[in-house]
Number of protein chains: 2
Amino acid sequence: MPDLHPFDVATSLVEKEAGRWSGQPSVEYANMVGSFGGVTTATVLNAVLQDARFLGDPVSMTINLLSAMGPSGFEVSSKLCRTGKYTQHWSLELEQEGKLCATATVVCGVRGDVFAHQSVQMPDVPPADGIAPMDGRGALKWLDRYDFRFVEGAPAWTGKPNDGLGSARTAVWVGDNPPRPLDHLSLAALSDSFFLRLLHVRGTMEPMGSVSITTHFLASRADLAAQGSQPVLGVADATRFQGNFHDQQMQLWSTDGKILATGTQLVWYRQ
Amino acid sequence: MPDLHPFDVATSLVEKEAGRWSGQPSVEYANMVGSFGGVTTATVLNAVLQDARFLGDPVSMTINLLSAMGPSGFEVSSKLCRTGKYTQHWSLELEQEGKLCATATVVCGVRGDVFAHQSVQMPDVPPADGIAPMDGRGALKWLDRYDFRFVEGAPAWTGKPNDGLGSARTAVWVGDNPPRPLDHLSLAALSDSFFLRLLHVRGTMEPMGSVSITTHFLASRADLAAQGSQPVLGVADATRFQGNFHDQQMQLWSTDGKILATGTQLVWYRQ
């Protein structure tokens, strides 16, 4: 059996009984505190995708990050709230050592071949293979698990305040390292793979963290198959930083200019 | 005692016990089926705001709409998941006649006077009082409870397909009718006051509905007080319509150009 990709190891769950799963944080995706939030998000989503009752495709997910996770095993519990003709609704919780670390809701949908339209055009960017990857070695462990090629808004990593405020907008080609075929799990993780906008604007690493992450999955299965292991184009921006919180919008694009996912998150910062 | 505003009647709840509230749909906000989703959203949020344990300000909310509501009384149950130093997390459910109609998560935050920055500029639009209000009389009941003044992307309401596809973008001054001082409850409702993007793009009223709505509240209390009962500027757009679902991003702006809330929703459509 070939070795599993680290992402598949990190997001794997063992079913204890219907709607109750156990998992283990992966050191491969370690963050400053706990794990990279995108992998936590994908792991919780996996408790839906692996469930025998799962119907259709995931279409929307919101995860709330309540407490930083430690290195010990955790449990994901799911509740199937409703299965209708067109949609299926789930509520989930992730607990570690009796402490609630995340709550989430996932909506699945039955997709058909109906009206289709994309009302936005992909930004005009150079291809990924002409851009040097960011050198993140020695920094956070999870950064090694992604290949980042910045088109616009690369972080300066000087640790010094920006000379004036920087732009909140980033465009970056991003993919799993090593490459891995795109699926809903990796889309969920990539949705949280952006450095928090506050870092780009201020230039300094302040105490900050994602509080609530919402992702809408708009890719068809054919889009995912066509994208394969190629990096996706991520675009992130923010509108306002106020009273310890800022928003962060994101889009994930396929190589050939299709929207794969869009979303928003709320970020907390201390000062 | 002066008469309550219809919005306050519609969103009012009676506490049955800690974390259990009862409410009644308001005919004033009736939609094609059930109630206007924005009022359902605000009502669920009210179960947090009215709770003795509520801390800080609401900063993020996601509501999932599972089933259309009927005219009978309903119950909102809330679970306080965590109160930390900076954030408070809630999970909520709305049931009617034993049927789960909505699930939601709400994050509250303790806000301080810290770094503040708005990284986007308000669109250059004419003031609300120079634009004629949309005449929605005789259509859906909830439309009468808002004053819509379209700057860009007014719906044609012809019921005929657009000549080509229309723009997904709308800019509209919108306020309660009669006017009511802005607060987090009305921001939550206004976040869902946009006509669904599919209607603007196709020009026809297809079977469709909001599935999941996320709002980030970025206004300070001073912003809300300064806005008072003036209409806010709403801007909505979408990126992709595919396989029975489309996304819908929105921004709510104060008269003086501050972002009050941003968010996104996922919309289901049938054909």
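Above this note sits the structure.
What you are looking at is a predicted structure, and each value in this text was computed from that prediction instead of being measured.

(A) Fine view of unusual backbone geometry. Put simply, Asn177 of chain A and Pro178 of chain A share a cis peptide bond, and its omega is 0 degrees. With respect to the helices and strands, Pro178 of chain A occurs in the loop between strand E9 (170–176) and helix H3 (184–190). Even without being a glycine, Asn244 of chain A presents a positive backbone phi close to 80 degrees. Relative to the elements of secondary structure, Asn244 of chain A occurs in the loop between strand E12 (240–242) and strand E13 (245–253). Taking relative accessible area as the criterion, Asn244 of chain A reaches 6% and is therefore assigned buried. In this model, Glu97 of chain B sits at a positive phi of 50 degrees, which is unusual for a non-glycine residue. By the element assignment, Glu97 of chain B lies in the loop between strand E5 (87–96) and strand E6 (99–109).

(B) Focus on the side chain of Glu206 of chain A. Residue and element names in this part refer to chain A. Summarising the element assignment, Glu206 is placed in the loop between helix H4 (197–202) and strand E10 (208–217). No salt bridge is formed by the buried Glu206. Its closest oppositely charged neighbour is Arg202, at 4.0 Å. Within the structure, the side chain of Glu206 is placed 2.6 Å from the side chain of Thr204, a separation counted as a polar contact. One polar contact links Glu206 to Gln271, side chain to side chain, over a distance of 2.8 Å. Apart from the residues lying within four places of it in its own chain, the contact partners of Glu206 are Leu198 and Gln271.

(C) Broad picture of the relation of the copies chain B and chain A. Of the transformation placing chain B onto chain A, the axial shift is 0.0 Å and the rotation is 180 degrees, giving an RMSD of 0.0 Å. Interpreted geometrically, this transformation is the action of a two-fold axis. Residue by residue, 100% of the interface of chain B is reproduced at the interface of chain A, so both copies engage with the same surface.

(D) Examining the pairing of E9 of chain A more closely. Residues and elements named next belong to chain A. A large share of E9 lies buried, amounting to seven of its seven residues. Sheet analysis places strand E8 (residues 146–152) next to E9, joined by six bridges and oriented antiparallel. If you follow Phe148 over to E9, its bridge partner there is Val174. Bridge count for E9 against strand E11 (residues 232–237) is five bridges, and the pairing is antiparallel. Bridge assignment links Ala171 to a residue of E11, and that residue is Val235.

About the thresholds
- Along each chain, residue indices are assigned from 1 in the same order as the chain's sequence is written.
- Whichever chain is written first becomes A and whichever ligand is written first becomes 1, with later ones labelled in order.
- Local features in this predicted model are restricted to residues whose pLDDT is 70 or higher, and side-chain atom pairs enter the listing and the counts only when it is 80 or higher, whereas totals over whole chains, interfaces and linings include all residues.
- Hydrogens are left out, water is left out, and the side-chain values use all remaining heavy atoms of the structure.
- Working definition: helices are DSSP H or I runs of at least four residues, strands are E runs of at least two. Numbering for both runs from the N terminus.
- Think of it in three bands: with a 1.4 Å probe and only protein chains considered, a residue is buried below 20% of the maximum accessible area for its type, exposed above 50%, and partly exposed in between.
- Under this rule, positive means Lys or Arg and negative means Asp or Glu; His and the chain ends count for nothing.
- Any carboxyl oxygen of Asp or Glu within 4 Å of a side-chain nitrogen of Lys or Arg constitutes a salt bridge here.
- Under the rule applied, a polar contact is a pair of N or O atoms within 3.5 Å (in protein, one hydrogen donor and one hydrogen acceptor; residues adjacent in sequence only if both atoms are side-chain atoms).
- The contact criterion used is simple: two residues touch if any of their non-hydrogen atoms lie within 4.5 Å.
- Superposing the copies works by least squares over the C-alpha atoms of residues that have pLDDT at least 70 in both of them.
- Note on pairing: two strands pair once DSSP finds at least 2 bridges between them.

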